[in-house]
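# Commentary on secondary and tertiary structure
One letter stands for each residue in the lines below.
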Amino acid sequence: MSQEVILTGIKPTGMPHLGNLVGAIQPSVDLSHKKDTEAFYFIADYHALTGLKNAKELSQFSREIAAAWIALGLDPEQVVLYRQSDIPEVFELSWILACFSPKGLMNRAHAYKAAVQKNQENGETDLDAGVNMGVYTYPILMAADILLMQARWVPVGGDQVQHIEIARDVAQYFNRQYQREVFTLPEALIDESGAVIPGLDGRKMSKSYQNTIPIFAPAATLQKLVARIATDSTRPGEPKDPNASTVFHLYRLVATESETDTFRKAFLAGIAWKDAKDQLYEVLNRRLSGPRERYHALLEDDRDTLDRILSEGVPKARAVGAATMRKVRKAIGVN
Ligand code: ADP
Ligand code: TRP
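As a starting point, this report considers the structure included with it. All figures in this text were calculated on a predicted structure; none of them were measured in a lab. (Residues numbered from 1 in each chain as written. Chains lettered and ligands numbered in written order. Predicted model: local features only at pLDDT ≥ 70, side-chain atom pairs only at ≥ 80, totals over all residues. Heavy atoms only, no water.)

### Thoughts on the overall build of the chain
Scanning the chain from N- to C-terminus turns up 14 helices and five strands. Relative to the compact-globule value of 20 Å for 335 residues, the chain shows a C-alpha radius of gyration of 22 Å, a close match. With the principal axes as the frame, the chain shows a C-alpha extent of 75 × 50 × 40 Å. Across the 335 residues in the chain, those meeting the buried criterion constitute 47%. The long-range fraction of contacts in the chain, counting pairs at least 24 apart against all pairs at least 6 apart in sequence, stands at 78%. Surface summary for the chain: the accessible area is close to 16700 Å², and the carbon and sulfur share equals 51%. Seen as two clouds, the 39 positive and the 41 negative side-chain charges of the chain have centres 2 Å apart. (Helix = DSSP H or I, 4+ residues; strand = E, 2+ residues; numbered from the N terminus. Rg over C-alpha atoms; globule rule 2.2 N^0.38 Å. Buried < 20%, exposed > 50% of the residue type's maximum accessible area, 1.4 Å probe, protein only. Contact = heavy atoms within 4.5 Å. Areas by Shrake-Rupley, 256 points an atom, 1.4 Å probe, with all protein chains shown as cover. Lys, Arg positive; Asp, Glu negative; His and termini not counted. Charge placed at Lys NZ, Arg CZ, Asp CG, Glu CD.)

### Here we look at the site of ligand 1
In the vicinity of ligand 1 there are 14 residues, among which His17, Ile197, Met205, Ser206 and Lys207 approach most closely. Take Met205: an N or O atom from its main chain is 2.9 Å from a nitrogen atom of ligand 1. One nitrogen or oxygen atom from the main chain of Lys207 is found 2.7 Å from an oxygen atom belonging to ligand 1. Protein burial of ligand 1: of its 540 Å² of free accessible surface, 82% is covered by the chains. Its residues assigned to classes, the shell around ligand 1 comprises five nonpolar, six polar and three charged. (Near = heavy atom within 4 Å. Polar contact = N/O pair within 3.5 Å; in protein donor to acceptor, adjacent residues only side chain to side chain. Nonpolar A, V, L, I, M, F, W, Y, C, P; charged D, E, K, R; others polar.)

### Topic: the sheet that holds strand E5 (residues 187–190)
By way of backbone hydrogen bonds, the strands of a sheet pair with one another, either parallel or antiparallel. Taken together, five strands build an open sheet; the order of strands is E3-E2-E1-E4-E5 and the sheet is parallel. Bordering the open sheet on either side are strand E3 (79–83) and E5, each of which pairs with just one other strand. Ignoring strand direction, the axes of neighbouring strands in this sheet form an average angle of 25 degrees. One ladder, built from four bridges, connects strand E4 (residues 151–156) with E5; its direction is parallel. The residue bridging Pro155 from the neighbouring strand is Leu189, located in E5. Relative to the sheet, helix H3 (residues 55–71) contacts strand E1 (4–10), strand E2 (37–43) and E3, its axis offset from that of E2 by approximately 145 degrees. (Pairing = 2+ DSSP bridges. Axes fitted to C-alpha atoms, helices over the stretch in contact; angles between N-to-C directions.)

### Some words on the nonpolar core
Ile25, Trp69, Ile213 and Leu280 are the most contacted members of the largest nonpolar core, which totals 54 residues. A per-element tally of this core places helix H13 (residues 273–301) first, with 10 residues. If you count residues domain by domain, this core takes at least three from each of domain 1 (4–197 + 303–332) and domain 2 (216–296). Here Leu280 is in contact with Val226, Ile229, Val247, Leu250 and Tyr251, once residues within four sequence places are set aside. Formed by 46 residues, the second largest nonpolar core is a distinct cluster that contains Ile96, Ala109, Ile140 and Leu141. (Core = buried A, V, L, I, M, F, W, Y, C linked by side-chain atoms within 4.5 Å. Domains from an automatic or database assignment.)

### Considerations on the pattern of salt bridges
All chains considered together, the criterion is met by 11 salt bridges. Residues Arg63 and Asp307 are paired through a salt bridge, measuring 2.7 Å at the closest nitrogen-oxygen approach. Residue Arg63 is found in helix H3, and its partner Asp307 is found in helix H14 (residues 303–332); the two are separated by 244 residues along the sequence. For Asp307, a relative accessible area of 35% translates into the label partly exposed. (Salt bridge = Lys/Arg side-chain N within 4 Å of Asp/Glu carboxyl O.)

### Let's talk about the packing of helix H1 (residues 18–32) against H13
Contact geometry of H1 with H13 gives a least axis separation of 14 Å together with a crossing angle of 55 degrees. When the axis of H1 is compared with that of H13, the two are oblique. In the packing of H1 onto H13, the handedness of the crossing is left-handed. Across the interface between the two elements, Leu18, Leu21 and Gln26 from H1 touch Leu284, Arg287 and Leu288 from H13. Partitioning the contact of H1 with H13 into residue classes produces four nonpolar, one polar and one charged. (Parallel < 35°, antiparallel > 145°, perpendicular 65-115°, else oblique. Left-handed = near helix turned anticlockwise from the far one by under 90°.)

### Some details on the site of ligand 2
Contacts to ligand 2 come from 14 residues, most closely from His47, Tyr138, Met142, Asp145 and Gln160. Asp145 is positioned with one of its side-chain polar atoms (N or O) 2.8 Å from a nitrogen atom of ligand 2. Elements with a minimum of two residues in the shell around ligand 2: E1, helix H8 (138–148) and E4. No other element matches H8, which puts four residues into the shell around ligand 2. Across the shell around ligand 2, the residue classes break down as eight nonpolar, four polar and two charged.

So this is what it looks like as structure tokens:
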């Protein structure tokens, strides 16, 4: 029996931050070491194009995601790593799947619905204002990414579960129509911790809130950002609630259990915010300095290695994609 396929994509929309690390990059790196699976990881650059129209940024952010994955432990020997835009079969399949995707299903997709709702709130007369067809058909392209590689497991954050369900529905419509198992039915694999990492202001860390700590910020910037984390007004000596503190939350992500215990006690004993932040900076920097070095080496000094790794994944991914497309074309009658 062939191995089960595990597949995930990351959209290159900006410098990866600690939320991305904990919610997406680290879980995918951990899963890639799993035995008995074949892993396909890619940079979803055509998904990013729905919103990002700056050529330099799209290209740079794509390289940054690849470098981040490798710097944080992804082994390109174990994983097929590629850029979505290098796999033309994805786009052929995307059209075919569009013909199996009920329009109503797209109306209910959360990103589109949120855009419509925003227009409503802003009193726009055209509820589709600012929505391009890429945003509207986003779930179909994502279904093509997944189904092309016959993925069984798709590690994603909670916000993406609806998209995996759509991919599964569309695969079922197709299989049923042609009475054969052309596509493997995919399932979302959600990080059990379900952790939502808070940002500098205490809201969810997100590029859209400009409250992020970039994973690979230089040490001095990291320290400055940590100093900016919002805290309450308790003074040195006054007990602090660790569970309500972003400083504590971030510390726990990177510290050992016994360090976290000691830190919790220090909170209850009234550690000064300045000292707590210094300690947070220390553990963050300890965790990130090695990856930071590898990341910058890949992006700056070792550009050829990064390009080579990305190009090596392409024929492997395309071979799997071509095999799926042969089955698809045969099923629909265009072979
Ligand atoms: P952003 O909100 O910064 O635009 P994305 O939506 O591009 O981030 O998220 C990419 C991935 O990182 C998703 O899988 C998402 O679940 C995860 N992620 C983003 N922010 C966080 C966070 N604050 N905590 C946990 N996971 C996050
Ligand atoms: N839409 C995903 C996100 O925003 C990225 C993505 C594109 C993806 N294609 C995928 C994730 C296929 C998993 C599988 O995070």
